[in-house]
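The chain contents come next:
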There are 2 protein chains.
Amino acid sequence: MTLKNDRFLRALRRESVDCTPVWLMRQAGRYLPEYRATRAAAGSFLKMAQTPELACEVTLQPLRRFDLDAAILFSDILTVPDAMGLGLHFVEGEGPKFERPVRSVADIARLSVPDMESGLRYVMDAVRLIRRELAGSVPLIGFSGSPWTLACYMVEGGGSKEWGKVKALALNEPAAMHRLLDVVTDAVIAYLSAQHAAGAQALQVFDTWGGTLSPSMYREFSLPRLTRIARELKRDDAPLILFGKGNAPHLEALADCGAEGVGVDWTVTLEDAARRVGGKVALQGNLDPAMLYGSPDAVRAQARAVLDSYRDGNGGSREGHVFNLGHGMSPDMNPEHVAALVDEVHRHSAR
Amino acid sequence: MTLKNDRFLRALRRESVDCTPVWLMRQAGRYLPEYRATRAAAGSFLKMAQTPELACEVTLQPLRRFDLDAAILFSDILTVPDAMGLGLHFVEGEGPKFERPVRSVADIARLSVPDMESGLRYVMDAVRLIRRELAGSVPLIGFSGSPWTLACYMVEGGGSKEWGKVKALALNEPAAMHRLLDVVTDAVIAYLSAQHAAGAQALQVFDTWGGTLSPSMYREFSLPRLTRIARELKRDDAPLILFGKGNAPHLEALADCGAEGVGVDWTVTLEDAARRVGGKVALQGNLDPAMLYGSPDAVRAQARAVLDSYRDGNGGSREGHVFNLGHGMSPDMNPEHVAALVDEVHRHSAR
């Protein structure tokens, strides 16, 4: 089926487009009243993520309101460790927790790659259903957490400010840490390949916590796994985006991983980022999500500044830019400000 | 009085020293059983910070255990807004809160610089007492939060993940935001000048949340205030250190502020940082605090790597480096690992 709107895919291939495409991390989320209604009816976040009809519904909700150029599968980044047997659950106000975190070399030795069409079938069913419902309007992005980021949650048993347990494991038992990252990388490759086989037309890896590592630890524990994913993932011509909070120090290395796109947060200017990646990859980003708390006029001004910063670093051309936030949206954001943002991105970047 | 150990002050002036000096952010803290005992006896954190004898006691505790090259005043970064009438208190497990946060242009208009020897006399008394008790053994560092960082707490009313309220104020009411930052900067200059007059031999500004700003907002809302502090602070020959989490994108600009030292977190190598500041300032840092969760041998190896990284970026010389963590210590850290760290820094860097 031919896509009616292929701006997003064309931008990732650095091809010409009529205007800069835009989607927003966590665009399907609690800031939308219709999302809150679906979630209330489902009873829990996990129930919603694990029921293909509900995951499909919330995936499509933001596309009904805003002129977004891509849909992203509604799911959680911790589905893979859950399918590996760690027992994912959510504690109200505290975020995700694992009942059986990975704490020892013996725990790591017991891990294996889960079967995608049994333990994670609900994800693939959601992908198939969303593709059908999208009916070629915009492309669907599948995603996974990065191996380092998944390992963070698996070892800590939940979120953490300092990631002390996982860093201690990396320091004190590097061989075990590498074995853990190897099996998680195998699982991520199988997971993203299965999402593509089920219909995902682009794929994104969220290395949310790679930026908490020192440069030497990043190069040892996160970067090589991103490279392996980019090289081994079965994805035909579906582009891959490597997003990482705090990944700005590593842009040159990320541009050489074999992915089509690199997503960056707002602590670097796109002008600087575009110069540094030198046209090797498309760039995705990078408005500070908190800018959505500004007035609609302020949001529009900020959007123009991000668009122009990219152009200035990319030799005067807007090609190769996917507009996004530098991180996900928050529940208290105003949908009207999102509408202003999406409109301004298209308007200001129109060729 | 001549200092018995002036390594720290000499390193900040980029003079030769017998080995690299070391102190640790939050070295007086809950990881020490004697600190927990003092705190339990005091009844509350604020009581401890506001009672000069108790603040002096906990300031000195880590120096009795470890061969540290500087003491840092035990206090809280929010003493200044508290003295401005915001009503600081602590909620167990939630951190600092203000009873009367700054929410409107009218709230900002009412703010004024507090008198240092009335509302903040307990801080100056603590400085005087600590200086007497140190008896010239090592220098005493005074400190303040940066204007942007104080404004973050003042507007949000406490900590935040996104700092959405303060960023919205900066976007929607930039003139009011600048007025807030102006009065807070005046107060910080008066506060640090008073600490120096009371006996602090070096001063550090903690710009803990400057790194959450985009580069353009950092240059508008944080950096100019750091420059003003460096230029207007009455400090004779006492060196000033500008520490900022996530300040690595701005090192060149920070080196030109007029401070003697810049403190960096662990997301940049000191080799890169030293090349970029080009000998204009001393550098302080930058071990990831989580490395203290590693075994003592791993801690030692990490300390050597930080020391050698600085030397490699500083033309083969260790001059101009103050060893520290890239952020503060945590309550669950092991004092024996701190002992190994301090020992290794001195041993490995001995000229």
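Above this note sits the structure.
Asker: Give me the state of the cysteines: which residues, what numbers.
Answerer: For the structure on display, the rule yields zero disulfides over all chains. Of the cysteine sulfurs around Cys152 of chain A, a residue in no disulfide, the closest is that of Cys257 of chain A, at 18 Å.

Asker: Tell me about the packing of aromatic side chains, and name the residues and values.
Answerer: All names here are of chain A. Following the criterion strictly, the structure yields 16 aromatic pairs over all chains and no others. With 5.9 Å between their ring centres and 70 degrees between their planes, Phe206 and Phe243 make a pair best called edge-to-face. You can see Phe206 sitting in strand E5 (residues 202-207) and its partner Phe243 sitting in strand E6 (residues 240-244), a full 37 residues away along the chain. Using a relative accessible area of 2% as the deciding quantity, one classes Phe243 as buried. A connected cluster of aromatic rings, assembled from ring pairs, spans Tyr35, Phe45, Phe74 and Phe90.

Asker: Mind laying out helix H8 (residues 147-156) of chain B, listing which residues take part and the relevant values?
Answerer: All names here are of chain B. The element H8 is extensively covered by neighbouring structure, given that 10 of its 10 residues are classed as buried. Regarding H8, the residues found buried are Pro147, Trp148, Thr149, Leu150, Ala151, Cys152, Tyr153, Met154, Val155 and Glu156. Count one or two residues on from H8 and you reach Gly157, which has phi positive near 85 degrees.

Asker: Could you give me a rundown of the sheet that holds strand E1 (residues 71-72) of chain A, with the residues and numbers involved?
Answerer: All names here are of chain A. The sheet built from seven strands is open, its strands ordered E1-E4-E5-E6-E7-E8-E9 with parallel pairing. At either margin of the open sheet sits one strand with a lone partner, and together these are E1 and strand E9 (321-325). Of the strand pairs in this sheet, E1 and strand E4 (residues 140-145) are connected by two bridges, and their pairing is parallel. Residue pairing for E4: Ile72 is matched across the bridge by Ile141. Running over the sheet, helix H11 (residues 215-232) touches E5 and E6 and is turned about 170 degrees from E5.

Asker: Tell me about the sheet that holds strand E9 (residues 321-325) of chain B, and name the residues and values.
Answerer: Whenever strands of a sheet pair, they do so through backbone hydrogen bonds, lying parallel or antiparallel. All names here are of chain B. Pairing is parallel in the open sheet, where seven strands are placed in the order E1-E4-E5-E6-E7-E8-E9. What marks the edges here is a single partner per strand, and that holds for strand E1 (71-72) and E9. Summarising the sheet, strand E7 (residues 261-263) and strand E8 (residues 282-287) pair through three bridges and their orientation is parallel. By the bridge assignment for E8, Val262 is matched with Leu283. Relative to the sheet, helix H10 (residues 174-198) contacts strand E4 (140-145) and strand E5 (202-207), its axis offset from that of E4 by approximately 170 degrees.

Asker: Account for the pattern of salt bridges, with residues named and values stated.
Answerer: Under the defined criterion, the tally for this structure stands at 60 salt bridges over all chains. Note that Glu34 of chain B and Arg65 of chain B form a salt bridge whose closest N and O atoms lie 2.7 Å from each other. Within this pair, whereas Glu34 of chain B is found in helix H2 (residues 33-42), its partner Arg65 of chain B is found in helix H4 (residues 52-65), the two being separated by 31 residues in sequence. Classification of Arg65 of chain B by relative accessible area gives partly exposed; the value is 41%. Measuring nitrogen to oxygen at the nearest pair gives 2.6 Å for the salt bridge that ties Asp107 of chain B to Arg110 of chain B. Via salt bridges that share partners, Arg300, Arg304, Asp343, Glu344 and Arg347 of chain A belong to a single interconnected network.

Asker: I'd like a description of the environment of Glu173 of chain A, backed by residues and values.
Answerer: All names here are of chain A. Along the polypeptide, Glu173 turns up in the loop between helix H9 (164-172) and helix H10 (174-198). Residue Glu173 is classed as partly exposed on the basis of its relative accessible area, which comes to 37%. In the structure, Glu173 is positioned 161 residues away from Asn334 in sequence and 46 Å away in space, judged by C-alpha atoms. Glu173 has contacts with Val105 and Ala168, leaving out every residue within four places of it along the chain.

Asker: Lay out the interface of chain B and chain A in plain terms, naming residues and giving numbers.
Answerer: Each partner contributes residues to the interface: chain B has 29 residues there, and chain A has 29 residues. When chain B packs against chain A, close to 2100 Å² is buried across both sides, 59% of that on carbon and sulfur atoms. Applying the counting rule to chain B against chain A returns two salt bridges. Two residues, Lys167 of chain A and Asp288 of chain B, come together in a salt bridge whose shortest N-O distance is 2.7 Å. The tally of links between chain B and chain A comes to 10 residue pairs in polar contact (both at pLDDT 80 or more). Among the secondary structure elements, those contributing two or more residues to the side of chain B that touches chain A are helix H9 (164-172), helix H11 (215-232) and helix H14 (296-313) of chain B. When residues in the side of chain B that touches chain A are grouped by element, the largest group, five residues, is from H9 of chain B. Residues belonging to the side of chain B that touches chain A are distributed by class as follows: 14 nonpolar, 12 polar and three charged.

The rules behind the values
Residues numbered from 1 in each chain as written. Chains lettered and ligands numbered in written order. Predicted model: local features only at pLDDT ≥ 70, side-chain atom pairs only at ≥ 80, totals over all residues. Heavy atoms only, no water. Disulfide = S-S within 2.5 Å. Phe/Tyr/Trp six-rings, centres within 6.5 Å; stacked < 30°, edge-to-face > 60°. Helix = DSSP H or I, 4+ residues; strand = E, 2+ residues; numbered from the N terminus. Buried < 20%, exposed > 50% of the residue type's maximum accessible area, 1.4 Å probe, protein only. Pairing = 2+ DSSP bridges. Contact = heavy atoms within 4.5 Å. Axes fitted to C-alpha atoms, helices over the stretch in contact; angles between N-to-C directions. Salt bridge = Lys/Arg side-chain N within 4 Å of Asp/Glu carboxyl O. Buried area = accessible area lost by both parts, 1.4 Å probe. Polar contact = N/O pair within 3.5 Å; in protein donor to acceptor, adjacent residues only side chain to side chain. Nonpolar A, V, L, I, M, F, W, Y, C, P; charged D, E, K, R; others polar.

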